[in-house]
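# Topology and contacts: notes
Okay, here's what each chain looks like letter by letter:
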Amino acid sequence: MMNNRTGKAWGLVVFVLALSMPSISYASDAESIRKLSLVKAYVESLGAECRGRASGKYLNRGQYYIVRTTLYRHNRYFIVGAGDSTVRDLDILLLDENENEIDRDAGRDPSPIVEVSPRWSGTFYIAVLMYSGRGHSNIMICYK
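We now turn to the structure provided with this report. (Residues numbered from 1 in each chain as written. Predicted model: local features only at pLDDT ≥ 70, side-chain atom pairs only at ≥ 80, totals over all residues. Heavy atoms only, no water.)

## A short note on the sheet that holds strand E7 (residues 122–133)
Through backbone hydrogen bonds, the strands of a sheet pair up, either in parallel or in antiparallel fashion. Quick note on the threshold: Strand pairing is assigned whenever DSSP identifies at least 2 bridges connecting the two strands. Here a strand is any run of E in DSSP of at least two residues, a helix any run of H or I of at least four, and the numbering for each starts at the N terminus. All axes here are fitted lines through C-alpha atoms, helices being fitted over the stretch that makes contact, and every angle between N-to-C directions spans 0 to 180 degrees.
Overall, antiparallel pairing links the 4 strands, which are arranged E2-E7-E4-E5 in an open sheet. The open sheet has two edge strands, strand E2 (64–71) and strand E5 (101–104), and neither has a second partner. When the angles between neighbouring strand axes are averaged without regard to direction, this sheet yields 25 degrees. Strand direction decides the pairing type here: strand E4 (residues 87–95) and E5, joined by 3 bridges, are antiparallel. In the sheet register, leucine 94 faces E5, and the bridge partner there is aspartate 103.

## Some words on the pattern of salt bridges
The criterion, for reference: Any Lys or Arg side-chain nitrogen found within 4 Å of a carboxyl oxygen on Asp or Glu counts as a salt bridge. The rule is simple: take the accessible area with a 1.4 Å probe, protein chains only, and divide by the maximum for that residue type; under 20% is buried, over 50% is exposed, in between is partly exposed.
By the definition in use, this model includes 4 salt bridges. We note a salt bridge from arginine 104 to glutamate 101, for which the minimum N-O separation is 3.0 Å. Relative accessible area serves as the criterion here: at 43%, glutamate 101 is assigned to the partly exposed category.

## As for the environment of leucine 94
Let me state the cut-off plainly: What makes two residues a contact is simply this: any of their non-hydrogen atoms within 4.5 Å.
With respect to the helices, strands and loops of the structure, leucine 94 is situated in strand E4. Looking at leucine 94, the relative accessible area reads 1%, which means it is buried. Separated by 10 residues in the primary sequence, leucine 94 and arginine 104 place their C-alpha atoms 6.0 Å from one another. Beyond its immediate chain neighbours, meaning those up to four positions away, leucine 94 contacts Leu71, Ile79, Asn100, Glu101, Ile102, Asp103, Val116, Phe124, Tyr125 and Ile126.

This is the structure in structure tokens:
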């Protein structure tokens, strides 16, 4: 029987291996959604719940889109994303109502996760940027 810490470590290993597996030869929104479901399963294993549906778009390198949302103080949020097999580096930036950066994804990968606990409730903006590659990308907001 695995303890909770071992279970989380094993979940992360499965998550990383699943994202690095060779994928189908064409890119699609369905592929991006499938990869997002793996990221979602990982944060749910940490006790988070995901709200609403995924938001996404096809992006070329350097393009971005913005998602407006309300976040509440004292909650812990996981803003998760995933790109299809043609996406190399997808970035997520969280901005406040005055366009000040609150947090960002620091990794160079197609599946960013931003974990944040806002100090106030209010309107926030999630900027999704295709840093490298091109293709379908989707994001979802999870919380605990």
